[in-house]
Amino acid sequence: MSSELDRQHIIELLPFWVNGTLSQDERDMVEAAMAQDPSLRQEAEMLSLVRATMQQQSDVQSPGDLGLARLRRVIEDNPQQVLEGRSRTRRYILSFSSGLAAALALLAVLGNFRASEDVYELASSNDDTANIVVSFRPDVTQASMASLLQMHELVIVDGPSAIGLYRLSPLDPDADLEQLAGTLRSETDVFESVDLP
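Report on the accompanying structure. (Residues numbered from 1 in each chain as written. Predicted model: local features only at pLDDT ≥ 70, side-chain atom pairs only at ≥ 80, totals over all residues. Heavy atoms only, no water.)

Right, let's talk about the overall build of the protein chain for a bit. When you go through the protein chain residue by residue, the secondary structure sums to seven helices and four strands. In sequence order, the protein chain lays out its α and β elements as α-α-α-α-α-β-α-β-β-α-β. Accessible area for the protein chain stands at about 14,900 Å²; split by element, carbon and sulfur atoms hold 55% of it. (Helix = DSSP H or I, 4+ residues; strand = E, 2+ residues; numbered from the N terminus. Areas by Shrake-Rupley, 256 points an atom, 1.4 Å probe, with all protein chains shown as cover.)

Written as structure tokens, this is what we have:
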């Protein structure tokens, strides 16, 4: 044999060879492989033994036969319960279908709703002139950040960036950015860096 893949293919064909269901070409290929590899021959002999043992036990029912017999017994013993189960299943399907139809109708209505461009405004801006660039300490809490920003009347207009920088802007457009940046630099328990653009 040329490779492990060919050997695996032969192993997969062995049960069919034992049952005699291979085409002539496949049968010749399996027999040639067994002639070269004794372990394949042993595998085929083991499969033949299992097949012969199974054929001798003709009174054994398959799990499918047992399951079918049990299902028939349940139907015969409780036909009303089976019908009620069908009815319940239909109710579930009807409820699910109704809910799905309502959800699709809602999506259709919402899909047709278009907001005008002046309804919303971007929170960030590209205007760096009235901003302070900061980075917060990793251990600072959101409550501390919010409290400090409110105390100094600042808002976050952009961030965090890929390297953790935020741009802050004062609510008062006439605020002295130099003085504000100096005040923020003194808050070393909250900020790692404070810079002006």
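Now, onward.
Since the α-helix packs 3.6 residues into each turn, any two residues three or four apart lie on the same face. Of all the residues in helix α7 (residues 177–185), the buried ones are Leu177, Leu180, Ala181 and Leu184. The buried side chains of α7 occupy one side of the element, clustering within an arc of 100° when seen end-on. α7 presents Glu178 and Gln179 as exposed residues on the side facing more than 90 degrees away from its buried surface. Those residues of α7 that are buried are in contact with β1 (132–136), α6 (142–151), β2 (154–158), β3 (165–170) and β4 (191–195). The N-terminus of α7 is capped by Asp176, whose side-chain oxygen sits 3.3 Å from the backbone nitrogen of Glu178. (Buried < 20%, exposed > 50% of the residue type's maximum accessible area, 1.4 Å probe, protein only. Arc of directions from axis to C-beta. Contact = heavy atoms within 4.5 Å. Polar contact = N/O pair within 3.5 Å; in protein donor to acceptor, adjacent residues only side chain to side chain.)

Below, the discussion takes up the packing of aromatic side chains. For the structure shown, the criterion picks out two aromatic pairs. Aromatic pair Phe136 and Tyr166: ring centres 5.0 Å apart, planes at 75°, arrangement edge-to-face. Within this pair, whereas Phe136 is found in strand β1, its partner Tyr166 is found in strand β3, the two being separated by 30 residues in sequence. In this pair, the class of Phe136 matches that of Tyr166, namely buried. Aromatic rings pair up to connect Phe136, Tyr166 and Phe191 into one cluster. (Phe/Tyr/Trp six-rings, centres within 6.5 Å; stacked < 30°, edge-to-face > 60°.)

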